[in-house]
Amino acid sequence: MTLTLEFFVEALTGRRLDGAHPVDGVAIDSRQAAGMVFAALPGEKTDGHEFVPNAFEHGALAALVDREVETSYPIVDLRGAECASLPPPPLVLRVENVLLALQEVARRWCRRWLDADPDHRIIGVTGSVGKTTTKELIADVLVVRYRTLKSEKSYNNEIGIPVTVLKLRDEHQRAVLEMSMYTTGEIRLLTSIAPPQVGVVTLIAPVHLERAGSMEAIVNAKAELVEALPPDGVAILNKDDERVMSLAQRTAARVMTYGLDPTADIWAEDIESLGLEGIRFWMHYGGQRYRIRLPMLGRHSVHTALRAAAVGFTEGLGWEEVVRGLQSTRSQLRLIAVKGPRGSVILDDTYNASPPSTLAALNLLNDLMEGRRIAVLGDMLELGAYEERGHRDVGIRASAVADLLVTVGERGRIIAEEALRCRMPAEYVHTFATPEEAAAFLLTQIEPGDVILVKGSRAVGMERIVSLLSEAAEQ
């Protein structure tokens, strides 16, 4: 399978052309378009059409556009005009809508890949939290036996999935795709582009509730992944989450469960947190068990490991292969330990935040046996009607875990208020409007051996606290 400009024309017009001009894939960043088709997509602040000349300067072989652009290269109009062949690249492909065209090309390319070999399979991953780490760990397990493509970075939406799918080649045997949503219909679109044979659901919580509108809408949106599975597919569901388990009635596929419940198909017990050294636990599956130690932080990582192992077993791997894949992982993507001032340790978990992920991070902080525990927590956004309750739940847990609580933002004050209501001493609770103010305060408080958890939604800018504390540590 070689992706060509001619395939783009065939996918979008139904016409097969003579010739073959290979391309490496699709780029949405003009600076990374060498050997690729640059998709001129509109963004929040800029329009990709403005960067078409830059894409050609960086070696793009074609640009996909839906309005006029200034260029000296040939323009091929795919909106109904007939053409028997393409001119040599570089060239411009004019379509009605760039995003819809990109999705259609990816849809047809993915089906060609699936049809090329019955052993080609797609694993889709969704859930309110833990999608990215789960996707990474699944890929770590599958690559022990299979040549595996995985979605990179946050390429998990209506743009990222098509871009990833267009990287599929003959040599790939498995594809692991993270599928995100804000509301109903979005995962259905993604599965129409890349139909999964295995669907993994992590956890369903009131994340993006503000956009989705209700918990029922979130459950319905996540259900779209398992509803897309074929009868011979597998839905891998979290036995410890009632909302996830409700999806078992909404799929034609075989259901495989995981969790801490011994009635699950694959389950874990005797979990031991080793702090910054990882976790250790017994994993049970198929009447056998195995003692596993993983370089992943926090007890919540056990569920991630169970999901990845479930996919591995589903795809035919044996115990030795699954364990080897789990133990080789470097998938602790979100929460990392970095050096802080005066011999302290910073747990940088600033990628994003929701009540479930913040509670998990606080549980990790609680597992650390040495040093004062400092929780630095910012606003959690897009919670809708769950906003106050979610922040208060975090405040309750923070009061039980942290020796010092620092909050940032208006919603962060709710966390602080609830911690005080739970009788956390007032001298150990401090609220600030900005990350910079919080960092300045922390620099007066940090002592040798302190462990500092920093977490909040990306829009709050909590990463600036980590940056300021790290700079102080280097001085």
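Residues numbered from 1 in each chain as written. Predicted model: local features only at pLDDT ≥ 70, side-chain atom pairs only at ≥ 80, totals over all residues. Heavy atoms only, no water.

Points about the overall build of the protein chain
Part 1 of the reasoning: Scanning the protein chain from N- to C-terminus turns up 16 helices and 20 strands.
Part 2 of the reasoning: Taking 2.2 N^0.38 as the reference for a compact globule, 475 residues should give roughly 23 Å; the C-alpha atoms of the protein chain span a radius of gyration of 24 Å, in line with that estimate.
Part 3 of the reasoning: Across its three principal axes, the protein chain shows a C-alpha extent of roughly 75 × 55 × 40 Å.
Part 4 of the reasoning: The buried share among the 475 residues of the protein chain stands at 56%.
Part 5 of the reasoning: Contacts spanning at least 24 positions in sequence make up 65% of the contacts within the protein chain whose residues lie at least 6 apart.
Part 6 of the reasoning: With the model as given, the accessible surface of the protein chain reaches about 19900 Å², and the carbon-plus-sulfur share is 47%. (Helix = DSSP H or I, 4+ residues; strand = E, 2+ residues; numbered from the N terminus. Rg over C-alpha atoms; globule rule 2.2 N^0.38 Å. Buried < 20%, exposed > 50% of the residue type's maximum accessible area, 1.4 Å probe, protein only. Contact = heavy atoms within 4.5 Å. Areas by Shrake-Rupley, 256 points an atom, 1.4 Å probe, with all protein chains shown as cover.)

Quick notes on unusual backbone geometry
Part 1 of the reasoning: Residue Pro 90 is reached from Pro 89 by a cis peptide bond, and omega for that bond is 5°.
Part 2 of the reasoning: By secondary structure assignment, the location of Pro 90 is in the loop between strand 4 (75–77) and strand 5 (91–94).
Part 3 of the reasoning: The phi dihedral of Asp 270 falls on the positive side, at around 50°, and the residue is not glycine.
Part 4 of the reasoning: Counting through the fold element by element, Asp 270 comes out in strand 12 (residues 266–273).
Part 5 of the reasoning: Relative accessible area serves as the criterion here: at 48%, Asp 270 is assigned to the partly exposed category.
Part 6 of the reasoning: Although it is not a glycine, Arg 423 adopts a positive phi angle of roughly 70°.
Part 7 of the reasoning: Among the secondary structure elements, Arg 423 is positioned in the loop between helix 14 (412–421) and strand 19 (429–432).

Focus: helix 12 (residues 355–367)
Part 1 of the reasoning: Under the 1.5 Å per step criterion, the end-to-end length of helix 12 is 18 Å for 13 residues, consistent within 8% with the ideal 18 Å.
Part 2 of the reasoning: All of the buried residues along helix 12 are Pro 355, Ser 357, Thr 358, Ala 360, Ala 361, Leu 362, Leu 364, Leu 365 and Asp 367.
Part 3 of the reasoning: Where helix 12 is buried, its residues contact strand 12, strand 16 (345–349), strand 17 (373–378), helix 13 (387–401) and strand 20 (451–455). (Expected span 1.5 Å × (residues − 1).)

Overview of the sheet that holds strand 3 (residues 62–65)
Part 1 of the reasoning: Strand order in the open sheet made by the five strands is 1-2-3-5-4, with parallel pairing throughout. Whereas interior strands pair on both sides, the edge strands pair on one side only; in this sheet they are strand 1 (26–27) and strand 4.
Part 2 of the reasoning: Note: strand 3 against strand 5, four bridges, orientation parallel. Paired with Leu 64 across the two strands is Leu 93, which belongs to strand 5.
Part 3 of the reasoning: Here helix 3 (residues 98–116) sits on the sheet and contacts strand 1, strand 2 (37–39) and strand 3; the angle it forms with strand 3, its principal contact strand, is near 120°. (Pairing = 2+ DSSP bridges. Axes fitted to C-alpha atoms, helices over the stretch in contact; angles between N-to-C directions.)

Considerations on the packing of helix 4 (residues 131–142) against helix 10 (residues 301–314)
Part 1 of the reasoning: Packing of helix 4 against helix 10 leaves a shortest axis separation of 8 Å and a crossing angle of 40°. By the angle between their directions, the pair helix 4 and helix 10 is classed as oblique. The hand of the helix 4/helix 10 crossing is right-handed. Each of Thr 133, Thr 134, Leu 137, Ile 138, Val 141 and Leu 142 in helix 4 lies in contact with helix 10, whose residues at this interface are Thr 304, Ala 305, Arg 307, Ala 308, Val 311 and Gly 312.
Part 2 of the reasoning: In terms of residue class, the contact of helix 4 with helix 10 is built from seven nonpolar, four polar and one charged. (Parallel < 35°, antiparallel > 145°, perpendicular 65-115°, else oblique. Left-handed = near helix turned anticlockwise from the far one by under 90°. Nonpolar A, V, L, I, M, F, W, Y, C, P; charged D, E, K, R; others polar.)

A word on the sheet that holds strand 20
Part 1 of the reasoning: Spatially, the six strands line up as an open sheet ordered 15-16-20-17-18-19, and their pairing is mixed. Every interior strand has two partners, whereas the edge strands, strand 15 (336–339) and strand 19, have only one. When strand polarity is set aside, the average angle formed by the axes of neighbouring strands in this sheet is 20°.
Part 2 of the reasoning: In this sheet, strand 20 lies alongside strand 17 in parallel orientation, the contact comprising five bridges. By the bridge assignment for strand 20, Leu 377 is matched with Lys 455.
Part 3 of the reasoning: Its contacts with the sheet put helix 14 on strand 17, strand 18 (404–408) and strand 19, and the angle it makes with strand 18 is roughly 150°.
Part 4 of the reasoning: Here helix 15 (residues 435–445) sits on the sheet in contact with strand 17, strand 18 and strand 19, set at roughly 160° to strand 18.

Some words on the pairing of strand 10 (residues 234–238)
Part 1 of the reasoning: Among the five residues in strand 10, five count as buried, and that is most of the element.
Part 2 of the reasoning: Taking every second residue as pointing to the same face, both faces of strand 10 are buried, with Val 234, Ile 236 and Asn 238 on one and Ala 235 and Leu 237 on the other.
Part 3 of the reasoning: Pairing of strand 9 (residues 198–201) with strand 10, which is carried by three bridges, proceeds in the parallel orientation. Paired with Val 198 across the two strands is Val 234, which belongs to strand 10.
Part 4 of the reasoning: Sheet topology note: the strand 10/strand 11 (residues 254–259) ladder contains five bridges and is parallel. Its bridge partner being in strand 11, Asn 238 is matched across the sheet by Tyr 258.

Details of the side chain of Arg 121
Part 1 of the reasoning: Relative to the helices and strands, Arg 121 is located in strand 6 (residues 121–126).
Part 2 of the reasoning: Judged by relative accessible area, Arg 121 falls into the buried class, the value being 18%.
Part 3 of the reasoning: In terms of polar contacts, Arg 121 uses its side chain to reach the side chain of Glu 315, at 2.8 Å.
Part 4 of the reasoning: Sequence-distant contacts of Arg 121, defined by excluding residues within four places in its chain, comprise Trp 113, Gln 173, Arg 174, Ala 175, Gln 197, Val 198, Thr 314 and Glu 315. (Polar contact = N/O pair within 3.5 Å; in protein donor to acceptor, adjacent residues only side chain to side chain.)

Describing the packing of helix 3 against helix 6 (residues 186–193)
Part 1 of the reasoning: Two elements in contact, helix 3 and helix 6, have axes whose closest approach is 8 Å; the angle formed by their N-to-C orientations is 50°. As far as their axial angle goes, helix 6 and helix 3 are oblique. In contact with Gln 103, Ala 106, Arg 107, Cys 110 and Arg 111 of helix 3, helix 6 contributes Leu 189, Ser 192 and Ile 193.
Part 2 of the reasoning: For the contact of helix 3 with helix 6, the residue count by class is four nonpolar, two polar and two charged.

Structural notes on the side chain of Arg 94
Part 1 of the reasoning: Within the secondary structure, Arg 94 sits in strand 5.
Part 2 of the reasoning: Excluding anything up to four places from it in sequence, Arg 94 contacts Val 65, Asp 66, Arg 67, Glu 68, Ile 75, Val 76, Asp 77, Leu 78 and Arg 79.

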